[in-house]
Amino acid sequence: EADIYQTPRYLVIGTGKKITLECSQTMGHDKMYWYQQDPGMELHLIHYSYGVNSTEKGDLSSESTVSRIRTEHFPLTLESARPSHTSQYLCASSAPSLNTEAFFGQGTRLTVV
Amino acid sequence: AQSVTQLDSQVPVFEEAPVELRCNYSSSVSVYLFWYVQYPNQGLQLLLKYLSGSTLVKGINGFEAEFNKSQTSFHLRKPSVHISDTAEYFCAVTNSGNTPLVFGKGTRLSVIA
């Protein structure tokens, strides 16, 4: 069973607040990802990292930022939350091999009111 | 750029009937293909993957998929569905270990008693 954890699972927060979504994995994976999932299911890659001190933006433009100071930890931060940020955020990781699958956390459902 | 098309957004099917969820990808190079399942309020769980070799891939929960290079398809099948198979199903593709997975928009499978 994959060991990748996201906290919190659910978050309701007011507009303008700063928030950090946590993601940690205990598998030693170099690669980590953040996906944003629409209410209609579609997943969009917003950030990814292939190792410590390496981060890249994904296909979907996002106002969030990420950091990768430790291999196991890949937090996502919104400096000023807005209702348009309401979504489900999924974190994933994968091993360095060329053809391994991504393992997903259970997600954080964010609601900005 | 990679893309994945899941032709059906919703598939209703009666319990114990067979089901096929369709997936087509666009790529001119070697691909690695995946099917994931997402239960309500959960992350994504790997069902099966095609990396190379036999074009018929068997996964968990009785699912299987067939890689068809000439038709650029990777359809998911199950001969007899159960109520517990009700979930969202995502097809994903990558053409190298250094490219994040690209997901389709998902298919909602509803199994009717």
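Calculation notes
Residues numbered from 1 in each chain as written. Chains lettered and ligands numbered in written order. Predicted model: local features only at pLDDT ≥ 70, side-chain atom pairs only at ≥ 80, totals over all residues. Heavy atoms only, no water. 1 Å grid on protein atoms, 1.4 Å probe; cavity = no way out; pocket = protein on both sides within 12 Å on 5 of 7 lines; lining within 4 Å. Points joined across faces, edges and corners; volume = space filled by probe spheres on them. Helix = DSSP H or I, 4+ residues; strand = E, 2+ residues; numbered from the N terminus. Nonpolar A, V, L, I, M, F, W, Y, C, P; charged D, E, K, R; others polar. pLDDT = per-residue confidence, 0-100. Salt bridge = Lys/Arg side-chain N within 4 Å of Asp/Glu carboxyl O. Buried < 20%, exposed > 50% of the residue type's maximum accessible area, 1.4 Å probe, protein only.

(A) Spatial organisation of the layout of surface pockets. Approximately 280 Å³ is the volume found for the second largest pocket. Every residue lining the second largest pocket is counted, 18 residues in all, and those nearest its centre are A:Q37, A:P39, A:Q88, A:R109 and B:Q38. Sorting the residues of the lining of the second largest pocket by element identifies β9 (87-94) and β11 (108-112) of chain A together with β10 (87-94) of chain B as the ones contributing at least two each. Counting residues per element, the lining of the second largest pocket draws most heavily on β11(A), which supplies 3 residues. Looking at the lining of the second largest pocket residue by residue, the classes come out as 6 nonpolar, 8 polar and 4 charged.

(B) Structural detail: the confidence of the model for chain B. With 98% of its residues at a pLDDT of at least 70, chain B reaches an overall mean of 92. Within chain B, strand β3 (residues 19-21) of chain B carries the highest mean pLDDT (98), whereas strand β11 (residues 102-103) of chain B carries the lowest (90).

(C) View of the pattern of salt bridges. Overall, the coordinates contain 10 salt bridges over all chains when judged by the stated rule. Between A:R82 and A:E63 there is a salt bridge, with the nearest N and O atoms lying 2.7 Å from each other. Residue A:R82 is found in the loop between β8 (76-78) and β9, and its partner A:E63 is found in the loop between β6 (54-57) and β7 (65-66); the two are separated by 19 residues along the sequence. According to the relative accessible area criterion, A:E63 is partly exposed, its value standing at 46%. Across the pair B:E20 and B:R77 runs a salt bridge, and its minimum N-O distance is 2.8 Å. One end of the pair, B:E20, is in strand β3; the other, B:R77, is in strand β9 (residues 73-78), and 57 residues separate them in sequence.

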